[in-house]
Amino acid sequence: MLLRAFFVGAPDSLLFGKDWEGMERMGGFILLALLLSCFVAGLRQERNDLRDNEERYRLLAENASDAIVVIDERSEILYLNPAAEHLFGRQAAELRGQSLAVLLPGDLYQAQLTELRQRLDTRKAPIAVQLPGLHQSGERLLVEMTLGSSCQQGRSVFTAIIRDLAGRGR
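Our subject in this report is the structure included herewith. Note that the structure is predicted; figures quoted are calculated from it, not measured.

## Quick look at the overall build of the protein chain
Argument step 1. Helix and strand content of the protein chain: 5 helices and 5 strands.
Argument step 2. Across the 170 residues that make up the protein chain, the buried fraction comes to 29%.
Argument step 3. Looking at the protein chain alone, contacts between residues at least 24 apart form 41% of all its contacts between residues at least 6 apart.
Argument step 4. Counting only carbon and sulfur atoms, one obtains 57% of the accessible surface of the protein chain, whose full area is about 11000 Å².

## Digging into unusual backbone geometry
Argument step 1. Here Ser75, not a glycine, exhibits a phi torsion of approximately 70 degrees, which is positive.
Argument step 2. Turning to its location among the elements, Ser75 is positioned in the loop between β1 (67-72) and β2 (77-80).

## Some words on the pairing of β1
Argument step 1. A large share of β1 lies buried, amounting to 6 of its 6 residues.
Argument step 2. Every second residue of β1 is oriented toward a common face, with Ala67, Val69 and Ile71 on one face and Ile68, Val70 and Asp72 on the other, all of them buried.
Argument step 3. Both β1 and strand β5 (residues 155-164) contribute to a ladder of 6 bridges, which runs antiparallel. Each bridged residue has a counterpart across the sheet, and for Asp72 the counterpart in β5 is Val157.
Argument step 4. Bridge count between β1 and β2: 3 bridges; the pairing is antiparallel. Across the sheet, Val70 pairs through a bridge with Tyr79, a residue of β2.
Argument step 5. The hairpin formed by β1 and β2 contains 4 residues between the paired strands, and Ser75 there has a positive phi angle of roughly 70 degrees.

## Points about the side chain of His135
Argument step 1. Mapping His135 onto the fold places it in the loop between β3 (127-134) and β4 (140-152).
Argument step 2. At 3.0 Å, the side chain of His135 forms a polar contact with the backbone nitrogen of Ser137.

## A look at the environment of Leu141
Argument step 1. Take Leu141: it is sitting in strand β4.
Argument step 2. Taking relative accessible area as the criterion, Leu141 reaches 4% and is therefore assigned buried.
Argument step 3. Separated by 53 residues in sequence, Leu141 and Phe88 place their C-alpha atoms 8.8 Å apart.

## Examining the environment of Leu60
Argument step 1. If you trace the backbone, Leu60 turns up in helix α2 (residues 21-63).
Argument step 2. C-alpha separation for the pair Leu60 and Asn81, spaced 21 residues apart in sequence, amounts to 9.8 Å.

## Here we look at the sheet that holds β5
Argument step 1. The 5 strands lie next to each other as β2-β1-β5-β4-β3, forming an open sheet whose pairing is antiparallel. The outermost strands of the open sheet, each flanked by one partner alone, are β2 and β3. Direction aside, neighbouring strands of the sheet carry axes that sit 30 degrees apart on average.

## Digging into the side chain of Asn81
Argument step 1. Tracing the backbone through its elements, the reader meets Asn81 in the loop between β2 and α3 (82-88).
Argument step 2. A distance of 3.1 Å separates a polar atom in the side chain of Asn81 from the backbone oxygen of Asp66.
Argument step 3. Once residues lying within four places of it in the same chain are set aside, the contact partners of Asn81 are Ala61, Ala64, Asp66, Ala67 and Ile68.

## Some details on the nonpolar core
Argument step 1. Counting 22 residues, the largest nonpolar core has Val69 and Ile162 as the members making the most contacts within it.
Argument step 2. Of the residues forming this core, the biggest block, 4 residues, is contributed by β4.
Argument step 3. If sequence neighbours within four positions are ignored, Ile162 has contacts with Asp66, Ala67, Val69, Leu87, Phe88, Val143, Glu144 and Met145.

Parameters at a glance
- Along each chain, the written sequence defines residue order, and numbers are assigned to residues from 1.
- Reporting of local features is limited, given that this is a predicted model, to residues whose pLDDT is at least 70; pairs of side-chain atoms are given and counted only at 80 or more, and all residues count toward the totals for whole chains, interfaces and linings.
- No hydrogens and no water enter the side-chain calculation; it runs on all heavy atoms of the structure.
- For helices the rule is a DSSP run of H or I covering at least 4 residues; for strands it is a run of E covering at least 2, with both sets numbered from the N terminus onward.
- Summary of the burial criterion: residues with accessible area below 20% of their type's maximum are buried, those above 50% are exposed, and those between are partly exposed, where the area comes from a 1.4 Å probe applied to protein chains only.
- Only heavy atoms enter the contact rule, under which two residues are in contact if any of them lie within 4.5 Å.
- Computed with a 1.4 Å probe, the accessible areas rest on the Shrake-Rupley method; for each residue, only the protein chains presented here act as cover.
- For two strands to be treated as a pair, DSSP must find at least two bridges joining them.
- N or O atoms within 3.5 Å of each other form a polar contact, as long as, within protein, one can give a hydrogen and the other can take it, and as long as residues adjacent in sequence are counted only when both atoms are side-chain atoms.
- Axis lines are fitted to C-alpha atoms, over the contacting stretch for helices. Their N-to-C directions set the angle, which ranges from 0 to 180 degrees.
- Definition of nonpolar core: a set of buried residues of the types Ala, Val, Leu, Ile, Met, Phe, Trp, Tyr and Cys, connected through side-chain atoms within 4.5 Å.

Geometric descriptors of this kind do not, in isolation, establish any biological role.
Spelled out as structure tokens, the structure:
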């Protein structure tokens, strides 16, 4: 009935057909318009909520006092926050796509990361370990890395929260 109102009949009888038929068509049209309006309003609200949540998380990461580094399955750096840039003395643009081993050098890091990944497979809670870090100047740091895993666009990603244990506050 509702589809017929839009595709059958002369233009002058589209809304005001004979007897109650035109009123039914008009009611159907109004109902459809209201439903579409509610649907569009819902989509807009979801988009606004998503944008607000993304902004909140971005502000949280950018203003955190601890370094936040996101890596992929191959340990390639996807994201660094400003605290990570400050802690390691390097710019995010320079480090994106490089291995996390640039910041956490040595065999100990590789062994720890392998163990962490195995433990993350069996647990949901993040895991913390102490590791040596390396500042751009060559100075060694002692850091605590808390590693958590998640899935992003169908692939595993790891979020490392890194704290300078010496607290030098560069």
